[in-house]
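Here are the chains, one letter per residue:
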Amino acid sequence: MIRVELPVLVFIYLFVFLSAIFSLWIVYEWLRRRRERETLRYRIQCTICASIFEDRSDTLLARCPRCGSLNERFRIGGL
Ligand SMILES: [Zn+2]
């Protein structure tokens, strides 16, 4: 068995533990952002009545369900 001093052992344990938590956190954050972006992708705000609606079709212009005007597709919140 390799002899390691106790402080070094504690340090290695802490390092492994913290890096595991950190990487899990990164993965969860990444998944959350991807999910958020996916829901925002189809969200359109009407330029006439300012209502926000979802349009999952692939047409260039989306029709507002409230006032019936055509809206250009644009991204909300970057990314
Ligand atoms: Zn509208």
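Refer to the structure above for everything that follows.
K.L.:
Could you clarify how one ought to interpret the packing of aromatic side chains in this entry?
P.N.:
For any pair of aromatic rings, geometry is given as the distance between the ring centres together with the angle between the planes. On inspection of all chains with the given rule, the structure shows three aromatic pairs. Taken together, a centroid distance of 6.1 Å and an interplanar angle of 10° make the contact between Y13 and F17 stacked. One end of the pair, Y13, and the other, F17, are both in helix α1 (residues 6-40), four residues apart, so they sit about a helical turn from each other. Judged by relative accessible area, which is 56%, Y13 ranks as exposed. F17 gets classed as partly exposed once you look at its relative accessible area, which sits at 43%.

Definitions and limits used
Residues numbered from 1 in each chain as written. Predicted model: local features only at pLDDT ≥ 70, side-chain atom pairs only at ≥ 80, totals over all residues. Heavy atoms only, no water. Phe/Tyr/Trp six-rings, centres within 6.5 Å; stacked < 30°, edge-to-face > 60°. Helix = DSSP H or I, 4+ residues; strand = E, 2+ residues; numbered from the N terminus. Buried < 20%, exposed > 50% of the residue type's maximum accessible area, 1.4 Å probe, protein only.

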